[in-house]
Structure formats: C-alpha cells, structure tokens
Amino acid sequence: MDTADAEAPMAEAELPTLQQRLTAMLADVRPERLLLVSDDDALAQVLGDHAPQRLAGAEAWPRLGDCPAASLAIVDGEAAVPPADVTPLLGRLRDVYAGQVLVIGPASPREAWSRHTLIGLGFRGFGATLDGNHRRPWYQFDIVDYKVTPDWLSPRHWAHPELWDKFRW
C-alpha cells in the first residue's frame, strides 16, 4: 500500500467514498486471505468477492484466537469493539494474525480509536474517505515497510575483524 496520497491534504469534495477506496485498494493488493472486523453488512458486501472471514466487533477480541492468519485484516472503527479491547485487538492483529492491517477510523472521534493510539501502535496515516457526510481517516500497518533499516545497522558497522588482534574490549 502506498502512503504517498496520505500526506497530501484533499478537499472534502475530492475524497473517495469508503466503497470506492476499498474496491480500488483490493484490486491493487489482492489479498490471499482477508479478515474483516466489522458490524456493517454493507462493508462486508463490498468485500464479498474476496470471501472475508468476518468477526463482529463485540466478539472480535475473544474469538480472534479461532481465526487463521490473514494476509490483510480490515478493522472498522465503527464496529462495537469495547474500548478496552481496541488496543489488544489491533496489537494482536499486527503482531500475529496479519501481515497488513488496515483501520478505517470512526466518523466521530473516540479515545480508543484516536490518532495518537494508532500511531503509538505503529500505524501510519493512509488517507481518508467519505462515509455519508462523515470524513473517516484510514491507518495502515504493513510489516514489509514498517521500519526502514538504518545505515548503521549493517555488518560493516558491527564487526571489525581487522581490529580483533589490535584492541581488547
């Protein structure tokens, strides 16, 4: 998933709808296995061609252990996930159950789904969509590009065999 469009601000009229963005994203990503955490039947219908495994919001955290790993997990911020379960659910999806996690933030601000919470979990802004009259921010976590390897973290800076007999550490 490309985050270039997440940085550029868009006017409300230019924002795609939730369904348009999901359809376009899934055409690009083509996940092998999809996990959806949502209470919204319309969202599940948009993803219908990909045959997602679906968990309702209230049962997502308790039933997550029964789910097989997915290449992409989509979490709807409007789902009825108890606030105390949001952070453990997203952390477990990120660490164990999915290579990519996409969070579609809620239309109205909620503490458990705040930008600070999601950024703290390693998610990055991924644009926004319109859902009716509400702007919904998107966040994504992809283990492939989560952290750029710094230059100092290479064998060239760690071991200096040419110095092994010259200095005692």
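So, here is what we can say about the structure in this document. If you're wondering where the values come from, they're calculated on a predicted model, not measured in any experiment.

In this section: the overall build of the protein chain. Along the backbone of the protein chain there are seven helices and six strands. Its helices and strands taken in sequence order, the protein chain reads α-α-β-α-β-α-β-α-β-α-β-β-α from the N to the C terminus. The 169 residues of the protein chain split such that 38% are buried. Restricting to contacts in the protein chain with at least 6 residues of sequence separation, those with at least 24 account for 67%. In the form shown here, the protein chain has an accessible surface area of approximately 9900 Å², with 54% of it arising from carbon and sulfur atoms.

Turning to a nonpolar patch on the surface, a few remarks are in order. Taken together, the side chains of Ile143, Val144 and Tyr146 present a nonpolar region at the surface, about 350 Å² in accessible area. Summarising the element assignment, Tyr146 is placed in the loop between strand E6 (134-142) and helix H7 (155-158).

Per the counting criterion, the structure on display carries seven salt bridges. A salt bridge links Glu59 to Arg63, with the shortest nitrogen-to-oxygen separation between them at 2.8 Å. You can call Glu59 partly exposed: its relative accessible area is 30%. We classify Arg63 as partly exposed; its relative accessible area is 34%. With its nearest N and O atoms 2.4 Å apart, the salt bridge here joins Arg136 to Asp76. Of this pair, Arg136 sits in strand E6 while Asp76 sits in strand E3 (residues 70-76), and the two are 60 residues apart along the sequence. Judged by relative accessible area, which is 3%, Asp76 ranks as buried. The network of salt bridges with shared partners includes Asp76, Asp131 and Arg136.

It is worth spelling out the sheet that holds strand E4 (residues 98-104) at this point. Hydrogen bonding along the main chain pairs the strands of a sheet, whether they run parallel or antiparallel. Overall, mixed pairing links the six strands, which are arranged E2-E1-E3-E4-E6-E5 in an open sheet. Only two strands of the sheet have a single neighbouring strand rather than two, namely strand E2 (53-55) and strand E5 (124-131). Across the sheet, the mean angle separating the axes of adjacent strands is 20° when strand polarity is ignored. Helix H5 (residues 83-97) rests against strand E1 (34-37), E3, E4 and E6 of the sheet, and its axis sits at about 150° to E4.

Now for the nonpolar core. Residues Leu90, Leu93, Val101, Val103 and Phe123 are the most contacted members of the largest nonpolar core, which totals 26 residues. The contact partners of Val101, leaving out residues within four places of it in the chain, are Ala73, Val75, Leu93, Arg94, Phe123, Tyr139, Gln140 and Phe141. Among the nonpolar cores identified, the runner-up in size contains 15 residues, and Met25, Leu34, Leu43 and Leu72 belong to it.

On to the environment of Glu32. Relative to the elements of secondary structure, Glu32 occurs in the loop between helix H2 (18-29) and E1. You can call Glu32 exposed: its relative accessible area is 79%. Sequence separation between Glu32 and Ala70 is 38 residues, and the spatial gap between their C-alpha atoms is 7.5 Å.

What counts and what doesn't
Residues numbered from 1 in each chain as written. Predicted model: local features only at pLDDT ≥ 70, side-chain atom pairs only at ≥ 80, totals over all residues. Heavy atoms only, no water. Helix = DSSP H or I, 4+ residues; strand = E, 2+ residues; numbered from the N terminus. Buried < 20%, exposed > 50% of the residue type's maximum accessible area, 1.4 Å probe, protein only. Contact = heavy atoms within 4.5 Å. Areas by Shrake-Rupley, 256 points an atom, 1.4 Å probe, with all protein chains shown as cover. Patch = residues over 30% accessible without salt bridge, like charges linked within 9 Å, V, L, I, M, F, W, Y side chains within 5 Å. Salt bridge = Lys/Arg side-chain N within 4 Å of Asp/Glu carboxyl O. Pairing = 2+ DSSP bridges. Axes fitted to C-alpha atoms, helices over the stretch in contact; angles between N-to-C directions. Core = buried A, V, L, I, M, F, W, Y, C linked by side-chain atoms within 4.5 Å.

Read these as geometric descriptors, not functional statements.
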